[in-house]
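Summary of structural features
Spelled out from the first residue to the last, the chains are:
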Amino acid sequence: MGSLCALEDEPLQYPFARRDESVVDDYHGVLISDPYRWLENPDAEEVKDFVEKQVKLTESVLEKCDAREKLREKITKLFDHPRYCAPFRRGKKYFYFHNSGLQPQSVLFMQDSLDGEPEVLFDPNGLSKDGTVSMRICAVSQDAKYLAYGLSSSGSDWITIKVMQIENKTIEPDIVSWVKFSCASWTHDSKGFFYSRYPAPKESENLDAGTETSANLNQEVYYHFLGTNQSEDILCWRDPENPKHKFCHCVTDDGKYLLLTITESCKPVNKVYYYDISAIVNGLEHHRGRKDLLPFVNLIDNFDAEYDAIANDNTLFTFRTNKDAPKYKLVRVDLKEPTAWFDVLEEDEKDVLQSAVAVNVNQVVVSYLSDVKYVLQLRDLKTGSLLHRLPIDIGTVSEIRARREDSTVFIGFSSFLTPGIIYQCNLDTGVPDMKIFREIVVPGFDRTAFDVNQVFFTSKDGTKIPMFIVATKNIPLDGSHPCLLYAYGGFNISITPYFSVSRIVLTKHFGVIFCLANIRGGGEYGEGWHKAGSLANKQNCFDDFISAAEYLVSSRYTQPKKLCIEGGSNGGLLIGACINQRPDLFGCALAHVGVMDMLRFHKFTIGHRWTCDFGCSEEEEEFHWLIKYSPLHNVRRPWEQSSDQFSQYPATMLLTADHDDRVVPLHSLKLLATMQYVLCTSLEKSPQKNPIVGRIECKAGHGAGRPTQKMIDEAADRFSFMAKVLGASWID
């Protein structure tokens, strides 16, 4: 197996971590010890000391990774290029985000026309010296008079909303706090906006928001009137009988209705309620000071399918849904006849309907996923009939920016070898006129030097699984190449081709082959693919990933000691489970912000919403699913399981961040302590020579809002670690 040569003669001295053997839980008659329960308290001095020592240990390892500074320098150089998001129109103005290259956060620009002079509307980079304050909500009122913007600190999911008057760029006194998992939805009179919030945490007075672990329960929907204190906001909806429910809201394009989408978990099912804003004579002013909720009407009142509103003509609504259609379809219903639904665009036999955006009054741009490759079409909104196919390369449609009234659509596109293209599609010419509006160019990057292929390998149960392979042209398949294998596999999320500066650097300067496996659990082939990798079927995800690794070895792309595996969040769980199940198959493992304690994840922040994919240890049958693969509970000494007395775990880096309030750091900390104890410190002479370390970032969260420099530093650290342990040499 690959190892840090410089450390072989000098075994790492792992910090001592106290084991409390008295902590034992009874799960349906099965006793499970949890000796590192104390690591669940982020404010305890003992935990802070553990983290500090782990940071020092990891830094001592990274100092021996000789490619670290070269990587940082090369990634920084390639990162330093202008980046844009697709523009959107409000009132008579256009708005878009732009980063000049190495700015910590992207800046919101505004212009009077597409060829007008752009001006900075809001620059979050002046809000903190280190760039850790990010803009997570951007909502411009219908008339472009106001901007509601939500700020997050240190990567936390907690957001504070403020308001700017756009014309003179003055900041209004409004402050809306304790917002989480919400947008801001303006009413068309620009008097205010809807938002969702949680009660302030009990410890909020002394809270460093984002470091707490308490469960997020009892979300509520409010309406904020401009110029008033948050305490005067109208409570629009709450449901104390269902404290885990989450509420999303949206004002329809015509401004008549407020749609309320209710979810109970991350499962793709929801209820839909509506409130007729236009029917109230005095508008929402009528509800000021009243205790009763808004009189929502139930359109869909059970969790049997997902319903995503696309458009409405007064009471006639079009939805994208997976009701009796695991690959999704478009349906229509009249609010006056809520039981009469009919299909507008039927489910495709093979391809998944990813999105639908109503444009140009009576048309709809739909995107399909066909074998993990995007297909774009323009269809008639009323009949669903195909009007035109929109030409795009093999890759990902990242955004479609337009409203129903707009005849100009902006489409964001990227791929493994395309940093980014924004297409401008004009629909008022009969035949769509699609041209490049902006193209992102990375200086020094030559896409012709690389090849991208898609292969299909066979998993343990015979299922065919797709995988993309990115490499320099004409590499010999002799098993000599370092390889990076990435996957996610959960929550109906599709992982499609995307551009990564750091992975291009790896491919070019280390000869790394990058592979993206589209394992089950994701949404790449619809809800059936998702269900095949969740709940009782979760082991399929690990089998698929292990089969991907075996395919890469048997096809001579690489060999186990040259193979690194990587994943984040649910993908971090994937990495944790796979190194337990097949430690012999990998040379390196990078697990980002992973869900590692499968018996207690539902107790922290928003973890209760993940039981739809994982199950819950409080249910006996589901406990038995979870205990079989929970990374924390399945660390074993491979040399005791195999005839090879030198068998060991791959070099492993667990990455987390102190303000990750999505997958709280305790998951990675408890697994780190467990792995170091079981594999390294509990034996006088352990065969485990490969390092087991944790990279614990300060002032960062689950990933969103991370400033550019932190992204560069993390990439340099993890990939220099990977290069060292795989024995990969720098190629100029």
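What this report covers is the structure whose coordinates are included nearby. (Residues numbered from 1 in each chain as written. Predicted model: local features only at pLDDT ≥ 70, side-chain atom pairs only at ≥ 80, totals over all residues. Heavy atoms only, no water.)

**Some points on the overall build of the chain**
Across its full length, the chain carries twelve helices and 39 strands. Relative to its length of 732 residues, the chain is compact, with a C-alpha radius of gyration of 26 Å against a globular reference of 27 Å. The C-alpha extent of the chain, read off along each of the three principal axes, is 80 × 60 × 50 Å. Counting over 732 residues, the chain shows a buried share of 60%. (Helix = DSSP H or I, 4+ residues; strand = E, 2+ residues; numbered from the N terminus. Rg over C-alpha atoms; globule rule 2.2 N^0.38 Å. Buried < 20%, exposed > 50% of the residue type's maximum accessible area, 1.4 Å probe, protein only.)

**Remarks on the sheet that holds strand β36 (residues 563–568)**
If you trace the eight strands from one edge of the open sheet to the other, you get β32-β33-β35-β34-β36-β37-β38-β39, paired in mixed fashion. Two strands bound the open sheet, and with one partner strand each, they are β32 (450–458) and β39 (692–697). Averaged over all adjacent pairs, the angle separating strand axes in this sheet is 20 degrees, with direction ignored. Judged from the four bridges that link them, strand β34 (residues 483–486) and strand β35 (residues 513–517) form a sheet pairing that is parallel. The partner of L484 across the bridge, within β35, is F514. Where helix α7 (residues 570–581) meets the sheet, it contacts β36, β37 (588–592) and β38 (651–657), and its direction lies at approximately 140 degrees from that of β36. (Pairing = 2+ DSSP bridges. Axes fitted to C-alpha atoms, helices over the stretch in contact; angles between N-to-C directions. Contact = heavy atoms within 4.5 Å.)

**As for the sheet that holds strand β25 (residues 363–370)**
Reading across the sheet, the four strands line up as β24-β25-β26-β27 and stay open at both edges, with antiparallel pairing between neighbours. This sheet does not close on itself; its edge strands, each paired only once, are β24 (352–359) and β27 (386–390). Mean inter-strand twist for the sheet, computed between neighbouring axes without regard to direction, equals 25 degrees. Pairing of strand β26 (residues 373–380) with β27 involves four bridges; the strand directions are antiparallel. Following the sheet pairing, Q377 is matched in β27 by R389.

**Regarding the nonpolar core**
Membership of the largest hydrophobic core comes to 126 residues, with the highest contact counts inside it found for M467, L485, F614 and F721. Among the elements that make up this core, the one with the highest residue count is helix α12 (residues 708–726) (nine residues). In this structure F614 touches F491, L535, K538, N570, L573, V595, M598, F601, W625, L626 and Y629, once residues within four positions along its chain are discounted. L330, L369, L378 and I411 belong to the second largest nonpolar core, which has 32 residues in total. (Core = buried A, V, L, I, M, F, W, Y, C linked by side-chain atoms within 4.5 Å.)

**Notes on the packing of aromatic side chains**
On inspection of all chains with the given rule, the structure shows 38 aromatic pairs. Judged by centre distance (6.0 Å) and plane angle (80 degrees), the rings of Y257 and Y274 are edge-to-face. On the criterion of sequence distance, the pair formed by Y257 in strand β17 (residues 257–263) and Y274 in strand β18 (residues 271–276) is long-range, its members being 17 residues apart. Given the relative accessible area of 4%, Y257 is considered buried. Within the aromatic cluster, the residues linked to one another by ring pairs are Y257, Y274, Y307, F317, F319 and W341. The residue whose ring lies beneath K180 is W158, and the NZ or CZ to ring-centre distance is 4.1 Å. Between the NZ or CZ atom of R503 and the centre of the ring of Y486, over which it lies, the distance is 4.6 Å. (Phe/Tyr/Trp six-rings, centres within 6.5 Å; stacked < 30°, edge-to-face > 60°. Lys NZ or Arg CZ within 6 Å of the ring centre and 35° of its normal.)

**Let's talk about the packing of helix α3 (residues 68–79) against helix α4 (residues 501–510)**
Any two packed helices are characterised by the angle at which their axes cross and by the distance between the axes. Following both chains from N to C, one finds α3 and α4 inclined at 125 degrees, their axes separated by 10 Å at the closest point. Overall, the two elements α3 and α4 adopt an arrangement that is oblique. Regarding α3 and α4, the two cross each other, and that crossing is right-handed. Contact residues: L71, K74, I75, L78 and F79 in α3; V501, S502, V505, L506, H509 and F510 in α4. Along the lines of polarity and charge, the residues of the contact of α3 with α4 split into eight nonpolar, two polar and one charged. (Parallel < 35°, antiparallel > 145°, perpendicular 65-115°, else oblique. Left-handed = near helix turned anticlockwise from the far one by under 90°. Nonpolar A, V, L, I, M, F, W, Y, C, P; charged D, E, K, R; others polar.)

**Concerning the pairing of strand β9 (residues 146–153)**
Burial runs high along β9: seven of the eight residues are buried. Across seven bridges, the pairing between strand β8 (residues 133–140) and β9 is antiparallel. The partner of V140 across the bridge, within β9, is L147. Between β8 and β9, which pair antiparallel one after the other, the connecting turn spans five residues, and A144 there sits at a positive phi close to 60 degrees. For β9 and strand β10 (residues 159–165), the ladder comprises six bridges, and the chain directions are antiparallel. Each bridged residue has a counterpart across the sheet, and for Y146 the counterpart in β10 is Q165.

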